[in-house]
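So you can see what is in the structure, the chains are spelled out below.
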Amino acid sequence: MRRRLRVELRRMRGEADLTQRDVAAALDWSPSKVIRIESGQVGISVTDLRALLALYGLTDGDAVDELAGMARGSKRQPFSDYRDVLSAETIRFFGYEASASLIRHVQPLVVPGLLQTEDYTRALLHAYGTDAKSIDRIVESRRERQEALDRAEPPEVFTILDEAVLRRRVGGTAVMTRQLRHLEVLAERSKVTIQVVPFDHGAYEAIQGPFVHLEFQVPSDPDVVFVDNVRNAATFIDDVEITAQFQESFFALEDLAAPPGKFGRFVERAIGSFSESAE
């Protein structure tokens, strides 16, 4: 709701031919307040919203009430209860993910969080050096994220993994085998598609790092791309031209990856390699 509201407010300001400084001066606000509201960094009170709408010339009572409802609903961010273990950017991403109607993952390193088993998540976090108490909290947040897949109207999920993701024994053979079987079960769902880029393809563009491309139900909501650049650093992009480029990259990867129907073969091959290496 916060994102939809800020998109509408930016649109209306543009139609009113006002700059952010113009708005700040007219309402006796600081320019930074306008910037934070339009960037979605903070919510907006209904009182402040009504002042903005009056400045923009919106007088339609139903439209004002609808936007006021968005303002009330956007005050509390989803997953904000996990501020003790999640960064502000991560919480922001989880909120976007929870409201997305279509999710595209590209992941050359690990299984995406939305598709992870608890044991796999714990093994990863332990390897990252996360303390036991924080691991429990993060696992709890991840479990809450995954509830989206069991909604009456779940999002469509398209995931492209490098074969290395299946072969790396995170947490050991037993944990990894359970994770792979879990992916097999998920891949049988009508709205979940998982593909693998085989080792045979060598290097490819997306091997340099993962990204997530999100689409939303409301046409006026622009797509969002989340890029995990380096440790503890992430970037959100909602520029239409740039998100379109990521979408095209994903489509190209779909052609490069093995067809979804062959996913089970990659799983069996990976599990078989665990037994061979144990011997």
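See the structure above.
Computed from a prediction, not measured in an experiment: that's the story for all the values here.

As for its placement among the helices and strands, Val192 is situated in strand β3 (residues 192–197). Distance from Val192 to Pro260, taken between C-alpha atoms, is 9.9 Å for residues 68 residues apart in sequence. Other than its neighbours up to four places away in sequence, Val192 contacts Val157, Leu186 and Ala187.

It is worth spelling out helix α1 (residues 2–15) at this point. Its 14 residues give α1 an end-to-end C-alpha distance of 20 Å, which sits within 8% of 20 Å, the value for a rise of 1.5 Å per residue. The set of residues buried in α1 consists of Arg2, Arg3, Leu5, Arg6, Val7, Glu8, Leu9, Met12 and Arg13. Of the residues trailing α1, Asp17 is marked for its positive phi of about 60°.

Excluding glycine, residues mostly carry a negative phi; peptide bonds, for their part, are mostly trans. For Asp17, which is not a glycine, the phi torsion comes out positive at approximately 60°. For Asp17, the location among the structural elements is in the loop between α1 and α2 (20–27). Asp17 gets classed as exposed once you look at its relative accessible area, which sits at 68%. For Asp28, which is not glycine, the phi dihedral falls at a positive 60°. Along the polypeptide, Asp28 turns up in the loop between α2 and α3 (31–39). Classification of Asp28 by relative accessible area gives exposed; the value is 72%.

Moving on to the pairing of strand β1 (residues 100–107). Burial analysis of β1 places seven of its eight residues in the buried class, which makes it a mostly covered element. Inspection of the sheet shows β1 paired to strand β4 (residues 211–216) by six bridges, in the antiparallel sense. Residue pairing across strands places Arg104 opposite His213, the latter belonging to β4. Two elements, β1 and strand β2 (residues 156–162), share six bridges in a ladder whose sense is parallel. Pairing of Gln107 across the sheet is with Leu161, part of β2.

The rules behind each value
- Residues numbered from 1 in each chain as written.
- Predicted model: local features only at pLDDT ≥ 70, side-chain atom pairs only at ≥ 80, totals over all residues.
- Heavy atoms only, no water.
- Helix = DSSP H or I, 4+ residues; strand = E, 2+ residues; numbered from the N terminus.
- Contact = heavy atoms within 4.5 Å.
- Expected span 1.5 Å × (residues − 1).
- Buried < 20%, exposed > 50% of the residue type's maximum accessible area, 1.4 Å probe, protein only.
- Pairing = 2+ DSSP bridges.

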